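Letter by letter, the chains look like this.
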Amino acid sequence: MSPELKELFQTSVLRTLDANRSRWGLGVAGIANYLPIFGLTAAKFPSMEAFHAAIADAVQYLCDKHLAEEVPKVVGAGNRVWRITPDGIDYLDERG
């Protein structure tokens with residue numbers, strides 16, 4: 001993935017998390033359902049697993065930058081979900 005496409009992908013994942021500001025967050029599959037709005041579909045990847053791996057990588061990057069965070073879960077801890085942080089909201093607001 002080119003650096004430009006990677007940045008677009010990460011920003012699209014962040015915008016998806018921004019659109020769902022619930023305390024429950026979104027998992028990889030949920031994020032994947034919204035990315036076609038930004039023109040990013042599984043068809044652009046070799047497999048659905050590669051698409052989901054790219055989403056997981058983008059989410060990890062956003063967490064490392066404190067723009068997103070994992071939602072702690074007591075039940076079903078294996079089903080990971082994330083939400084946007086206040087820093088992530090500010091980041092998007094600065095960029096319009």
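So, a few notes on the structure that sits alongside this text. Just so you know, these numbers come straight off a predicted model, no measurement behind them.

Turning our attention to the pattern of salt bridges. According to the stated counting rule, one finds four salt bridges in the structure shown. A salt bridge links Arg83 to Glu69, with the nearest nitrogen and oxygen atoms 2.8 Å apart. Of this pair, Arg83 sits in strand β2 (residues 82-84) while Glu69 sits in strand β1 (residues 68-70), placing them 14 residues apart in sequence. Judged by its relative accessible area of 23%, Arg83 falls in the partly exposed class. On the basis of relative accessible area, Glu69 is assigned to the partly exposed category, the value being 31%. The partner of Glu70 in a salt bridge is Arg80, with the nearest N and O atoms 2.9 Å apart. Of this pair, Glu70 sits in strand β1 while Arg80 sits in the loop between β1 and β2, placing them 10 residues apart in sequence.

Glancing now at the environment of Phe9. Counting through the fold element by element, Phe9 comes out in helix α1 (residues 3-19). Among the residues examined, Phe9 registers a relative accessible area of 3% and is labelled buried. When the C-alpha atoms of Phe9 and Leu35 are compared, they prove to be 8.5 Å apart, with 26 residues separating the residues in sequence. What Phe9 contacts, discounting residues up to four positions off in sequence, is Met1, Leu35, Leu40, Phe45, Phe51, Ala54, Ile55 and Ala58.

On to the environment of Asp90, then. Here Asp90 lies in helix α4 (residues 86-95). With relative accessibility at 42%, the residue Asp90 sits in the partly exposed group.

Attention shifts here to α4. Buried within α4 are the following residues: Gly88, Ile89 and Leu92. Viewed end-on, α4 has its buried residues packed into an arc of 100°, placing them on one side of the element. Exposed side of α4, more than 90 degrees from the buried face: Pro86, Asp93 and Glu94 are the residues found there. Looking at the buried positions of α4, the neighbouring elements they touch are α1 and β2.

Now for a nonpolar patch on the surface. Together, Met1, Leu5 and Leu8 make up a nonpolar patch on the protein surface, roughly 270 Å² of accessible area in all. Mapped onto the elements of the fold, Leu5 is located in helix α1.

For α1, with 17 residues, the first-to-last C-alpha span of 24 Å sits near the 24 Å given by 1.5 Å per residue. On its buried face, α1 sits against α2 (28-34), α3 (48-64), β1, β2 and α4.

This part is about the packing of aromatic side chains. Across all of its chains, the model carries three aromatic pairs by this definition. Through a chain of ring-to-ring contacts, three or more aromatic side chains come together here, namely Phe9, Phe45 and Phe51.

Criteria and thresholds
Residues numbered from 1 in each chain as written. Predicted model: local features only at pLDDT ≥ 70, side-chain atom pairs only at ≥ 80, totals over all residues. Heavy atoms only, no water. Salt bridge = Lys/Arg side-chain N within 4 Å of Asp/Glu carboxyl O. Helix = DSSP H or I, 4+ residues; strand = E, 2+ residues; numbered from the N terminus. Buried < 20%, exposed > 50% of the residue type's maximum accessible area, 1.4 Å probe, protein only. Contact = heavy atoms within 4.5 Å. Arc of directions from axis to C-beta. Patch = residues over 30% accessible without salt bridge, like charges linked within 9 Å, V, L, I, M, F, W, Y side chains within 5 Å. Areas by Shrake-Rupley, 256 points an atom, 1.4 Å probe, with all protein chains shown as cover. Expected span 1.5 Å × (residues − 1). Phe/Tyr/Trp six-rings, centres within 6.5 Å; stacked < 30°, edge-to-face > 60°.

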